[in-house]
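An overview of the molecular structure
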Amino acid sequence: MYTFLKILCSAAVIGIVTEIARRFPSYGGIIAALPLVSILSIIWLTVQSEPSEHIQRFTIGVIVGLPATMVMLFVIYMAMKSSIHIVFAIGLGVVSWAVFLGVQKVIASMFNFSI
């Protein structure tokens, strides 16, 4: 039952943000930049009685992923600004995200920091 409720609530949030973005693109972008997925995930993990340590590791994972996500969004923006089709722009963004995460992991391992 939790799974269905999670899907329903999460879909509602995405639908609302998309509607706001359709009417007010800048405000929609600002709202979408909020860590809505992270907050929803933390709430659902808490509701499901996950241990605090598990939720803390999740939040560290989100923090580690932020720079790669920013790179991905920047690449998508630049690709679309250069009139690259949205499908290819997103593809380039996802590839840049993966490459950035890989580089980030290599750099972290050089300093004995595990991601």
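Residues numbered from 1 in each chain as written. Predicted model: local features only at pLDDT ≥ 70, side-chain atom pairs only at ≥ 80, totals over all residues. Heavy atoms only, no water.

For any two helices packed against each other, one specifies the inter-axial angle together with the distance between the axes. The contact between helix α1 (residues 2-23) and helix α3 (residues 36-47) brings their axes to 11 Å, and the two run at 160°. One element, α1, and the other, α3, form an angle in the roughly antiparallel class. With respect to the hand of their crossing, α1 and α3 are arranged in right-handed fashion. Two secondary-structure elements touch here, α1 through Y2, L5, K6, C9, S10, V13 and V17 and α3 through L36, L40, W44 and V47. Class assignment of the residues belonging to the contact of α1 with α3 gives a composition of nine nonpolar, one polar and one charged. (Axes fitted to C-alpha atoms, helices over the stretch in contact; angles between N-to-C directions. Helix = DSSP H or I, 4+ residues; strand = E, 2+ residues; numbered from the N terminus. Parallel < 35°, antiparallel > 145°, perpendicular 65-115°, else oblique. Left-handed = near helix turned anticlockwise from the far one by under 90°. Contact = heavy atoms within 4.5 Å. Nonpolar A, V, L, I, M, F, W, Y, C, P; charged D, E, K, R; others polar.)

Attention now goes to the environment of V75. The residue V75 is located in helix α4 (residues 52-81) in this model. Each C-alpha atom of the pair V75 and V94 lies 8.9 Å from the other, and the pair is 19 residues apart in sequence. The residues touching V75, leaving out its near neighbours within four places in the chain, are L92, G93 and S96.

With that settled, the discussion passes to the packing of α3 against α4. For the pair α3 and α4, interaxial distance at closest approach is 10 Å and the crossing angle is 170°. By the angle between their directions, the pair α3 and α4 is classed as roughly antiparallel. In this structure, α3 meets α4 at a crossing whose hand is right-handed. Along the contact surface, α3 presents S38, S41, I42, L45 and T46, while α4 presents H54, I55, F58, T59 and V62. In terms of residue class, the contact of α3 with α4 is made up of five nonpolar, five polar and no charged.

A separate point is the pattern of salt bridges. The final tally for this structure, using the stated rule, is two salt bridges. Its salt-bridge partner being R23, residue E19 comes within 3.6 Å of it at the nearest N-O pair. Placement of the pair is E19 and R23 together in helix α1, with a separation of four residues, close to one helical turn. Judged by relative accessible area, R23 falls into the exposed class, the value being 55%. One connected set of salt bridges, linked through shared partners, spans E19, R22 and R23. (Salt bridge = Lys/Arg side-chain N within 4 Å of Asp/Glu carboxyl O. Buried < 20%, exposed > 50% of the residue type's maximum accessible area, 1.4 Å probe, protein only.)

Here S96 lies in helix α5 (residues 86-110). When its relative accessible area of 15% is taken as the criterion, S96 is described as buried. Polar side-chain contacts of S96 include one of 2.7 Å to the backbone oxygen of G93. The residues touching S96, leaving out its near neighbours within four places in the chain, are V71, M72 and V75. (Polar contact = N/O pair within 3.5 Å; in protein donor to acceptor, adjacent residues only side chain to side chain.)

To continue, consider a nonpolar patch on the surface. Together, V95, V99, V103, V106, I107, M110, F111 and F113 line one region of the surface with nonpolar side chains, adding up to about 830 Å² of accessible area. Here F113 lies in the segment after α5. (Patch = residues over 30% accessible without salt bridge, like charges linked within 9 Å, V, L, I, M, F, W, Y side chains within 5 Å. Areas by Shrake-Rupley, 256 points an atom, 1.4 Å probe, with all protein chains shown as cover.)

What follows covers the environment of Y27. Looking at the secondary structure, you find Y27 in helix α2 (residues 25-33). When the C-alpha positions of Y27 and G61 are compared, they lie 27 Å apart, and in sequence the two are 34 residues distant.

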